[in-house]
There are 2 protein chains.
Amino acid sequence: MLYIGVDIGGMSVKAGLVDEKGKILLKDTVVTRASAPAEEIVADIAALVRSVAERGGAELSSLGGIGVGSPGSVDDAEGVIRYSCNINFVKTPFVRLLSDMLGVKNVRISNDANCAALGETMFGAGRGARNSVTVTLGTGVGTGIVADGRLLTGNRSAGAEGGHVIIKAGGEVCGCGKRGCFEAYASATALMRQTARAAERHPDSLLARLAKEQGIDGKTAFIAAKQGDKVAKRVVSTYIRYVGTGLVGFANVFYPEVFIIGGGISKEGDALILPLRRFVRRNAYGAEFNPPIDVVAATLGNDAGVIGAAALVMER
Amino acid sequence: MLYIGVDIGGMSVKAGLVDEKGKILLKDTVVTRASAPAEEIVADIAALVRSVAERGGAELSSLGGIGVGSPGSVDDAEGVIRYSCNINFVKTPFVRLLSDMLGVKNVRISNDANCAALGETMFGAGRGARNSVTVTLGTGVGTGIVADGRLLTGNRSAGAEGGHVIIKAGGEVCGCGKRGCFEAYASATALMRQTARAAERHPDSLLARLAKEQGIDGKTAFIAAKQGDKVAKRVVSTYIRYVGTGLVGFANVFYPEVFIIGGGISKEGDALILPLRRFVRRNAYGAEFNPPIDVVAATLGNDAGVIGAAALVMER
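Criteria and thresholds
Residues numbered from 1 in each chain as written. Chains lettered and ligands numbered in written order. Predicted model: local features only at pLDDT ≥ 70, side-chain atom pairs only at ≥ 80, totals over all residues. Heavy atoms only, no water. Axes fitted to C-alpha atoms, helices over the stretch in contact; angles between N-to-C directions. Helix = DSSP H or I, 4+ residues; strand = E, 2+ residues; numbered from the N terminus. Parallel < 35°, antiparallel > 145°, perpendicular 65-115°, else oblique. Left-handed = near helix turned anticlockwise from the far one by under 90°. Contact = heavy atoms within 4.5 Å. Nonpolar A, V, L, I, M, F, W, Y, C, P; charged D, E, K, R; others polar. Patch = residues over 30% accessible without salt bridge, like charges linked within 9 Å, V, L, I, M, F, W, Y side chains within 5 Å. Areas by Shrake-Rupley, 256 points an atom, 1.4 Å probe, with all protein chains shown as cover. Salt bridge = Lys/Arg side-chain N within 4 Å of Asp/Glu carboxyl O. Lys, Arg positive; Asp, Glu negative; His and termini not counted. Charge placed at Lys NZ, Arg CZ, Asp CG, Glu CD. Domains from an automatic or database assignment. Buried area = accessible area lost by both parts, 1.4 Å probe. Polar contact = N/O pair within 3.5 Å; in protein donor to acceptor, adjacent residues only side chain to side chain. Least-squares fit on C-alpha atoms with pLDDT ≥ 70 in both. Buried < 20%, exposed > 50% of the residue type's maximum accessible area, 1.4 Å probe, protein only. Phe/Tyr/Trp six-rings, centres within 6.5 Å; stacked < 30°, edge-to-face > 60°. 1 Å grid on protein atoms, 1.4 Å probe; cavity = no way out; pocket = protein on both sides within 12 Å on 5 of 7 lines; lining within 4 Å. Points joined across faces, edges and corners; volume = space filled by probe spheres on them. pLDDT = per-residue confidence, 0-100. Pairing = 2+ DSSP bridges.

Trainee: Could you clarify how one ought to interpret the packing of helix H5 (residues 188–201) of chain A against helix H8 (residues 230–254) of chain A in this entry?
Mentor: Helix-helix packing is described using two parameters, namely the angle between the two axes and the distance between the axes. All names here are of chain A. Closest axis-to-axis distance for the H5/H8 pair is 10 Å, and the angle between their directions is 150 degrees. In terms of their interaxial angle, H5 and H8 are classed as roughly antiparallel. By crossing handedness, the relation of H5 to H8 is classed as right-handed. Contacts between H5 and H8 involve Leu191, Gln194, Thr195 and Ala198 from the former and Val231, Val235, Tyr239 and Tyr242 from the latter. By residue class, the composition of the contact of H5 with H8 is 6 nonpolar, 2 polar and no charged.

Trainee: Teacher, can you tell me more about a positive patch on the surface here?
Mentor: Residues and elements named next belong to chain A. Judged by side-chain charge, Arg201, Lys230, Lys233 and Arg234 come together as a positively charged surface patch. By residue number, the principal contributor to the positive patch is H8, which donates 3 residues. Along the polypeptide, Lys233 turns up in helix H8.

Trainee: Looking at this model, I keep getting lost on the domain arrangement of chain A. Mind explaining?
Mentor: Where interface size is quoted, it is often the accessible area lost as the parts come together. Residues and elements named next belong to chain A. When cut into domains, chain A gives domain 1 (2–121 + 303–312) and domain 2 (127–298). Contacts between the two partners involve 13 residues from domain 1, matched on the other side by 15 residues from domain 2. With both chains or domains summed, domain 1 and domain 2 bury close to 1100 Å², and 54% of this area falls on carbon and sulfur atoms. Inspection of the region where domain 1 meets domain 2 yields 1 salt bridge. Seen at the junction of domain 1 and domain 2, the total is 6 residue pairs in polar contact (both at pLDDT 80 or more). When contributions to the side of domain 1 that touches domain 2 are tallied by element, the ones reaching two or more residues are strand E5 (73–75) and helix H3 (112–123).

Trainee: Help me understand the relation of the copies chain A and chain B in this model?
Mentor: Mapping one chain copy onto the other needs a rotation about an axis and a shift along that axis. Overlay of chain A on chain B (RMSD 0.0 Å): rotation 180 degrees, translation along the axis 0.0 Å. Expressed as a symmetry operation, the mapping of one chain copy onto the other fits a two-fold axis. When the interface residues of chain A are mapped onto chain B, 100% of them again lie at the interface, so the same face is used by both copies.

Trainee: Would you mind showing me how to read unusual backbone geometry here?
Mentor: It is generally the case that most residues other than glycine have a negative phi and that most peptide bonds are trans. One non-glycine residue, Asp148(A), adopts positive backbone phi at about 55 degrees. Assignment of secondary structure puts Asp148(A) in the loop between strand E10 (141–147) and strand E11 (150–151). Judged by relative accessible area, which is 38%, Asp148(A) ranks as partly exposed. Despite not being glycine, Ser157(B) has its phi angle at roughly 55 degrees, a positive value.

Trainee: In this structure, what is going on with helix H2 (residues 94–102) of chain B? I would like to understand it.
Mentor: Within an α-helix, residues lying three or four positions from one another point in the same direction, as the helix has 3.6 residues per turn. Residues and elements named next belong to chain B. Every buried residue of H2 is listed here: Phe94, Val95, Leu97, Leu98, Ser99 and Leu102. Against the buried residues of H2 lie strand E1 (2–8), helix H1 (38–55), strand E4 (65–70), strand E6 (80–83), strand E7 (90–92) and strand E8 (107–111). Residue Gly103 follows H2 closely and has a positive phi angle near 65 degrees.

Trainee: Looking at this structure, how should I read the packing of aromatic side chains?
Mentor: Two measures describe an aromatic ring pair: the distance that separates the ring centres and the angle between the ring planes. Scanning the model with the defined rule gives 9 aromatic pairs over all chains in all. With 5.7 Å between their ring centres and 55 degrees between their planes, Tyr83(A) and Phe289(B) make a pair best called tilted. Placement of the pair is Tyr83(A) in strand E6 (residues 80–83) and Phe289(B) in the loop between helix H9 (270–283) and strand E13 (294–297), with the two residues belonging to separate chains. Ring geometry for Tyr185(A) and Tyr242(A): centres 4.6 Å apart, planes at 45 degrees, overall tilted. Taken as a pair, Tyr185(A) in helix H4 (residues 183–186) and Tyr242(A) in helix H8 lie far apart in primary sequence, 57 residues in all.

Trainee: Before we go on, may I ask you to explain empty space enclosed by the protein in this structure?
Mentor: If a probe as big as a water molecule is rolled over the atoms, it shows which places are left empty. Using the criterion set out here, one finds 2 cavities of 30 Å³ or more in the structure. Taken as a whole, the largest cavity encloses approximately 110 Å³ of empty space. Lining the largest cavity are 15 residues; nearest its centre among them are Val165(A), Val253(A), Val165(B), Gly249(B) and Phe250(B). Counting residues per element, the ones that place at least two in the lining of the largest cavity are H8 of chain A together with helix H8 (230–254) of chain B. Take the lining of the largest cavity: its biggest share by element is 6 residues, from H8(B). Its residues placed into classes, the lining of the largest cavity shows 10 nonpolar, 5 polar and no charged. As a volume, the second largest cavity reaches approximately 30 Å³. Its residues assigned to classes, the lining of the second largest cavity shows 7 nonpolar, 1 polar and 1 charged.

Trainee: Would you mind showing me how to read the confidence of the model for chain A here?
Mentor: Residues shown with low pLDDT carry predicted positions that ought not to be read at fine detail. When the pLDDT values of chain A are averaged, the result is 96; 100% of them are 70 or greater. Across the assembled chains, the prediction reports ipTM 0.91 with pTM 0.93.

Trainee: Explain the sheet that holds E4(B) to me, please; I cannot follow it from the model alone.
Mentor: One key point about sheets: their strands pair by backbone hydrogen bonds, in either a parallel or an antiparallel sense. Residue and element names in this part refer to chain B. Here 5 strands make up an open sheet; going across it, the order is E3-E2-E1-E4-E8 and the pairing mixed. A single partner strand is all that each edge strand has here, and the edge strands are strand E3 (24–31) and E8. Sheet twist, expressed as the mean angle between neighbouring strand axes with direction ignored, is 20 degrees. Looking at chain direction, E1 and strand E2 (residues 12–19) are connected through 7 bridges and run antiparallel. Bridge pairing in E2 links Gly5 to Gly16. Packing against the sheet, H1 makes contact with E1, E2, E3 and E4, and its axis sits at approximately 150 degrees to E3. Sitting on the sheet, helix H3 (residues 112–123) touches E1, E4 and E8, and the angle it makes with E8 is about 105 degrees.

Trainee: Sorry, what's going on with the sheet that holds E7(B) here?
Mentor: All names here are of chain B. Pairing within the open sheet is antiparallel, and its 3 strands lie in the order E5-E6-E7. In this open sheet, the two strands that pair with only one neighbour each are strand E5 (73–75) and E7. Averaged over neighbouring strand pairs, the angle between their axes works out to 20 degrees when direction is ignored.

In structure tokens form, the structure reads like this:
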């Protein structure tokens, strides 16, 4: 059975013909006309899907379905994009529109981060896990949750905002205006702030010198730590403890087989993943009686969205 | 369709004949022979089920199924009780044993707290919600999670331990040995500790006088607060903020229609529930764009276990 996965982005829309093993057989893109009327954006996507199916030699009527990932607030059950910051979708009944235009019945939609999490879980770093939490450590902290093989998004798909779980009541102010959110400690932005503070307090450290010479980004502390700088090592280990604290919280609720770490910071690889795995295994509730929880880096990269969107419409 | 729900306790086992609306038509109990061989305990339960069905005029073969709630660590998917502190179950294949003894195929089991949460959600305070989190504020803090109409328990049913989500990294030591757990701030035990500290710091307060005269329990601060004592009011509002902080974390992940509050502290009623509801609605992520989340007190009392166990085997 073949499926089509669509990944809507602010600049371009990607569509891929995907087989039941999550392999992309053929892929194409179209520019997102972000400020066009919603119906026209959907029509562009319908044309893209039609072209991908045709070039892949798949009849639309023989497809297993079409899955779509969109940025913004999506009501999965209703198939509606409620709003999207950068694209002109407002209460757009996306599933109905696309389904009508193409005559395909099995059309589903979810938030793009949820799709990526589902893709990684079924066909990427999660290798078919039934339960996973994907945590994206970027400008903010995103989470995608798979529970018993299905995306968990809550009432009206308003949940899965794990970046705003409070891990330190009364702590750092978060971008959302509240205090102590996971995101305020575990995002790349938070790591940069932690790095800047440490550099300021320890002006003679290698960390401070790197910060001064090259500016600070999410890599600065990891680079200096690798060169043996004690201040940087402390920044990294504290940061990892914060990330781990959030993961342990999720572990105690979801007890997933695997945590999948994505986003810019995940590129640090073993320097991040290994201590994080140790932290989770040491601190998850009941870990001594239960199967070990794995922590791995995401592997699908930019394809996660297309593959995960296709996975939305696969039977399981 | 009729179902039988079984609620295993350390002292007695309750079984009820339950209809599809969650109404108990007939109920009976038997003493738990907690230290007998596991097979004998199961045989006692089988006899109880048989008798309840018979007296209710229901043939075993015509039942929709038998659901069971057990204390301890249960693997729902395998139907196995891994261990139970007070009853002689060790890796007991409960579902297979009971199913064989009674010749009933649709037998399921879960942890007793999960069953109570499912019962409250479908037939009690949750009035049929698809997504709920039940939080029991007792000696510890228990959680039961319903996501999209189904109990969420994680890999090997090792999850749903929301009492051990960290809400204040580096904070109070919890009974589990870790720091900052929700339970260490929101349990009745935690409230008693908070009460004792406040009484000590403010020896002239009504709170301190009550504590001295009657000893401290989970009600002390609420009683003094109702009589206008400022110190007690502060204890109560701080405690409610802690409970609320945990609920907001769950809200941001699960976005349930309803939080159901059980356990001894829930008997405070509106003095607890109303400020908690306000806190959750004010602080849940995206609450301004999404349906309001309700917070209610549990209503089924001791019947929640039997009703929820029966709900395990209902189609939905």
